Amino acid sequence: MRVCVFCGSSAGKSPAYRNAAVALGELLAREKIGLVYGGATVGLMGVVADTVKKNGGNVIGVIPESLVAREIAHRGLSELRVVQSMHERKATMAELSDAFVAMPGGIGTLEELFEIWTWSVLGLHQKPCALFDVEGFYTQLTSFLDFTVEQGFLKPVHRALLRMESDPVRLLAALREPLPEGAATGKWIGPGQT
């Protein structure tokens, strides 16, 4: 099994974010779950990759040529794939992974998460997606997502595709659970539907 982790190219202000990246990396290595991530040495990306490698795990990084210098491509991985574009990066990461986790991060992390979750809603894949909610980082986002359900822009079954846990052990357990029944139908909300 391989888990794709989306996370910040910075470490954030709270030490809890770095600690969570270490805890997740150690758990992935211990469980013999491979890591797929954005291929950088910096920020939480570097922390989770270094931790998995340090503990004997397998790490595949995927980075576009344009970011090799900016994000400082990690040369100490099991495998580093340098691709042509951000689109190719995301497609490659999706293809290589069996599940997806978003740790704290910025707009790049959110963009990656929302695209892969959208693909799930559209039925393009049936792989679990989850938020690693470190110190309530995603609480306001999930409140907004619940509001989109209330307002009829997101079906409850599709909202249920995005799980959230604050503990890495429970997070991996959530990724192993079956997807909600009827979630990956590829059907949108249409006239008269909620």
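Residues numbered from 1 in each chain as written. Predicted model: local features only at pLDDT ≥ 70, side-chain atom pairs only at ≥ 80, totals over all residues. Heavy atoms only, no water.

K.L.:
Quick rundown of helix α2 (residues 43-54)? Include the residues and the values.
P.N.:
Given a rise of 1.5 Å per residue, twelve residues ought to cover 16 Å, and the 17 Å separating the end C-alpha atoms of α2 matches this to within 8%. Among the twelve residues that make up α2, nine are buried, leaving the element largely enclosed by the rest of the structure. Within α2 the residues assigned to the buried category are Gly43, Leu44, Met45, Gly46, Val47, Val48, Ala49, Thr51 and Val52. Along its buried surface, α2 packs onto α1 (15-30), β2 (34-37), β3 (59-64) and α3 (86-96). Positive phi appears at glycine 56, one or two residues downstream of α2, with a value of about 85 degrees. (Helix = DSSP H or I, 4+ residues; strand = E, 2+ residues; numbered from the N terminus. Expected span 1.5 Å × (residues − 1). Buried < 20%, exposed > 50% of the residue type's maximum accessible area, 1.4 Å probe, protein only. Contact = heavy atoms within 4.5 Å.)

K.L.:
Residue-level account of the packing of aromatic side chains, with values.
P.N.:
Applying the stated criterion across every chain, the model contains four aromatic pairs. Here phenylalanine 6 and phenylalanine 100 contribute two aromatic rings whose centre-to-centre distance is 6.2 Å and whose plane-to-plane angle is 10 degrees, an arrangement assigned as stacked. Taken together, the residues span a long stretch of sequence, with phenylalanine 6 in strand β1 (residues 2-6) and phenylalanine 100 in strand β5 (residues 99-102) at a distance of 94 residues. For the pair phenylalanine 6 and phenylalanine 100, a shared accessibility class is recorded, and that class is buried. Plain terms: the ring middles of phenylalanine 114 and tryptophan 117 are 5.8 Å apart, the flat faces sit at 50 degrees to each other, and that makes the pair tilted. Taken together, the residues phenylalanine 114 and tryptophan 117, both in helix α4 (residues 107-121) and three residues apart, mark about one turn of the helix. Exposure remark for phenylalanine 114: the relative accessible area of 28% places this residue in the partly exposed category. According to the relative accessible area criterion, tryptophan 117 is buried, its value standing at 4%. Through a chain of ring-to-ring contacts, three or more aromatic side chains come together here, namely Tyr17, Phe137 and Tyr138. (Phe/Tyr/Trp six-rings, centres within 6.5 Å; stacked < 30°, edge-to-face > 60°.)

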